[in-house]
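# Structural overview
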There are 2 protein chains.
Amino acid sequence: MRLSTKGQYAVRAMVDLAYYSKDKPVTLQEIADREEISINYLEQLFAKLRRNRIVSSVRGPGGGYLLANRADKISIGDIIDAVEESLTPVACAEGDVGCGRIDKCVTFKLWKGLGDRIKDFLSSITVQDLCDDAGRMFKDQDIKTGSRKCAA
Amino acid sequence: MRLSTKGQYAVRAMVDLAYYSKDKPVTLQEIADREEISINYLEQLFAKLRRNRIVSSVRGPGGGYLLANRADKISIGDIIDAVEESLTPVACAEGDVGCGRIDKCVTFKLWKGLGDRIKDFLSSITVQDLCDDAGRMFKDQDIKTGSRKCAA
DNA sequence: CATAATCCGACTATTTTTGTCAAGTATTTT
DNA sequence: AAAATACTTGACAAAAATAGTCGGATTATG
Ligand code: FES
Ligand code: FES
């Protein structure tokens, strides 16, 4: 039940972005430096985030990324959803219907329930919440939301 | 955030076992046939389950596996714990302490919270619960807790 | 135009997962 | 004691997922 680094990095990058993009776009390079994540890898993640309208991009010099919404309107669940395939613990409990045989499936309810708990929890926490934490933790220093080794 | 098939299969096998082992041991071959899981793979899983005292084994002709406790004392969390390494979403939120730098880690609380929710939920459901469901679903037919393709 | 930035797609190395296989050990029945 | 049954162990391997890289195209600025 591990979250892939895709999801972990995306959350960290989003918190970083929210923290530093008061008005101007933030470049991936900056985020990559602060968070010690490969810029090429970040590109992949932000491409997905952009396609899912979590962030918007500005091309050219002075460009970068911006939040597409207010930080308190973006939940962690939104981010994970955008970069991972799924938060569902098993494949055939995807969506509400599951695979064709759920009326004969003893475990469907179990995995569906678990998936719902996970989604509920991650939807209840917003980027703003983590930003506030970060502000308290780092005061005037540069923030860094996790460490490369810990990947959290 | 997918559960590996190890965990999924182990849960299914345990429900099957609980359902059929009223007093006599159940052989892996039977479970493998009913649940369409490779017997060799099941052996690996049951070895771990036995080491964690989730099941006990009886050797020799007429032997097989038995639950080591009452079905309503075995939670799904116990099973997953026995065969998977961990239910923690990220590596350094393992345990309560996390890695060395949690006082500077913006995301620790988040992942810790998620892991706790997952554990709580899976601990709240027992093998007996699923057995009851199975009984209702299958009445007098042989049960089959999931399908090989769906792996749930 | 030169430069700074995003955007796009293909590619690869590593690790994890998901099994399989074979030889051996223990137990009970006959 | 022999045979049958079943568990034990450890090595091995194919396949999938993950993590990360690379080269180049596109767009906007100055
Ligand atoms: S707890 Fe280790 S970096 Fe967050
Ligand atoms: S929902 Fe598909 S086998 Fe359970």
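The structure under discussion appears in the preceding block.
Read on for an overview of the structure. Note that the structure is a prediction, hence the values are computed from the model and not measured.

What counts as what
Residues numbered from 1 in each chain as written. Chains lettered and ligands numbered in written order. Predicted model: local features only at pLDDT ≥ 70, side-chain atom pairs only at ≥ 80, totals over all residues. Heavy atoms only, no water. Helix = DSSP H or I, 4+ residues; strand = E, 2+ residues; numbered from the N terminus. Buried < 20%, exposed > 50% of the residue type's maximum accessible area, 1.4 Å probe, protein only. Contact = heavy atoms within 4.5 Å. Areas by Shrake-Rupley, 256 points an atom, 1.4 Å probe, with all protein chains shown as cover. Near = heavy atom within 4 Å. Polar contact = N/O pair within 3.5 Å; in protein donor to acceptor, adjacent residues only side chain to side chain. Nonpolar A, V, L, I, M, F, W, Y, C, P; charged D, E, K, R; others polar. Axes fitted to C-alpha atoms, helices over the stretch in contact; angles between N-to-C directions. Parallel < 35°, antiparallel > 145°, perpendicular 65-115°, else oblique. Phe/Tyr/Trp six-rings, centres within 6.5 Å; stacked < 30°, edge-to-face > 60°. Salt bridge = Lys/Arg side-chain N within 4 Å of Asp/Glu carboxyl O. Pairing = 2+ DSSP bridges. Patch = residues over 30% accessible without salt bridge, like charges linked within 9 Å, V, L, I, M, F, W, Y side chains within 5 Å. Lys, Arg positive; Asp, Glu negative; His and termini not counted. Charge placed at Lys NZ, Arg CZ, Asp CG, Glu CD.

### Structural notes on the overall build of chain A
For chain A, the helix and strand inventory stands at 6 helices and 2 strands. Each helix and strand of chain A, placed in order from N terminus to C terminus, yields the pattern α-α-α-β-β-α-α-α. Sorting the 152 residues of chain A into buried and exposed places 53% on the buried side. A fraction of 67% describes how many contacts in chain A between residues 6 or more apart in sequence connect residues 24 or more apart. Split by element, the accessible area of chain A, about 7,200 Å² in all, is 47% carbon and sulfur.

### Some words on the protein's contact with DNA strand C
Close contacts around DNA strand C come from 22 residues, with Leu28(A), Ser57(A), Tyr65(A), Ser38(B) and Gln44(B) the closest. Across the atoms of DNA strand C situated within 4 Å of the protein, the share located in sugar and phosphate is 66%. A distance of 2.9 Å separates a phosphate oxygen of DNA strand C from a polar atom in the side chain of Arg50(A). In the model, a phosphate oxygen of DNA strand C is placed 2.2 Å from a nitrogen or oxygen of the Ser38(B) side chain. Of all the secondary-structure elements, those providing two or more residues to the surface near DNA strand C are helix H3 (39-51), strand S1 (55-58) and strand S2 (64-67) of chain A together with helix H1 (5-20) and helix H3 (39-51) of chain B. Looking at side-chain class alone, the surface near DNA strand C contains 7 nonpolar, 10 polar and 5 charged residues.

### Here we look at the packing of helix H1 (residues 5-20) of chain A against H3(A)
The description of two packed helices rests on the angle between their axes and on the distance between the axes. All names here are of chain A. Where H1 meets H3, the axes come as close as 10 Å, and the angle between the chain directions of the two elements is 80 degrees. In terms of axis orientation, H1 runs roughly perpendicular to H3. Contacts from Thr 5, Lys 6, Tyr 9, Ala 10, Ala 13, Met 14 and Leu 17 of H1 reach H3 at Tyr 41, Leu 42, Leu 45, Phe 46, Lys 48 and Leu 49. Counted by class, the contact of H1 with H3 contains 10 nonpolar, 1 polar and 2 charged residues.

### Quick notes on the protein's contact with DNA strand D
Near DNA strand D lie 19 residues; those nearest to it are Ser38(A), Gln44(A), Arg59(A), Arg50(B) and Tyr65(B). Backbone atoms, meaning sugar and phosphate, make up 56% of the atoms of DNA strand D lying within 4 Å of the protein. Between DNA strand D and Arg50(B) there is a distance of 2.8 Å, counted from a phosphate oxygen to a side-chain nitrogen or oxygen. One of the side-chain nitrogen or oxygen atoms of Tyr65(B) is found 3.0 Å away from a phosphate oxygen of DNA strand D.

### A few points about the packing of aromatic side chains
What the rule picks out here adds up to 6 aromatic pairs over all chains. Measuring from ring centre to ring centre gives 4.8 Å for Phe46(A) and Tyr65(A), while their planes differ by 45 degrees; the resulting arrangement is tilted. Here the residue Phe46(A) occupies a position in helix H3, and Tyr65(A) occupies one in strand S2, the gap between them amounting to 19 residues. Just as Phe46(A) is buried, Tyr65(A) falls in that class too. On the numbers, 5.1 Å between centres and 70 degrees between planes, the contact of Tyr19(B) with Tyr20(B) is edge-to-face.

### Quick look at the pattern of salt bridges
Summed over the entire model, instances satisfying the criterion amount to 14 salt bridges over all chains. A salt bridge links Arg70(A) to Asp72(A), with the nearest nitrogen and oxygen atoms 2.7 Å apart. On the basis of relative accessibility, which here comes to 33%, the residue Asp72(A) falls in the partly exposed class. Taking the shortest distance from any N to any O, the salt bridge between Arg34(B) and Asp16(B) comes out at 2.7 Å. You can see Arg34(B) sitting in helix H2 (residues 28-35) and its partner Asp16(B) sitting in helix H1, a full 18 residues away along the chain. Its relative accessible area of 12% is what places Arg34(B) among the buried residues. One network of salt bridges, with partners in common, ties together Asp16(A), Glu30(A) and Arg34(A).

### Describing the pairing of strand S1 (residues 55-58) of chain B
All names here are of chain B. Pairing between S1 and strand S2 (residues 64-67): 4 bridges, direction antiparallel. Pairing of Val 55 across the sheet is with Leu 67, part of S2. Connecting S1 to the antiparallel partner S2 that follows it, the hairpin turn spans 5 residues, and Gly 60 within it adopts a positive phi of roughly 85 degrees.

### Description of a positive patch on the surface
A grouping of Arg50(A), Arg51(A), Arg53(A) and Arg59(A) is seen on the molecular surface, where their side chains present a positively charged patch. Mapped onto the elements, Arg59(A) comes out in the loop between S1 and S2.

### Describing H2(B)
In an α-helix, one turn spans 3.6 residues, which is why side chains three or four residues apart end up on the same side. By the burial criterion, the buried members of H2(B) are Leu28(B), Ile31(B), Ala32(B), Arg34(B) and Glu35(B). Positioned one or two residues after H2(B), Glu36(B) has a phi angle of 55 degrees, which is positive.

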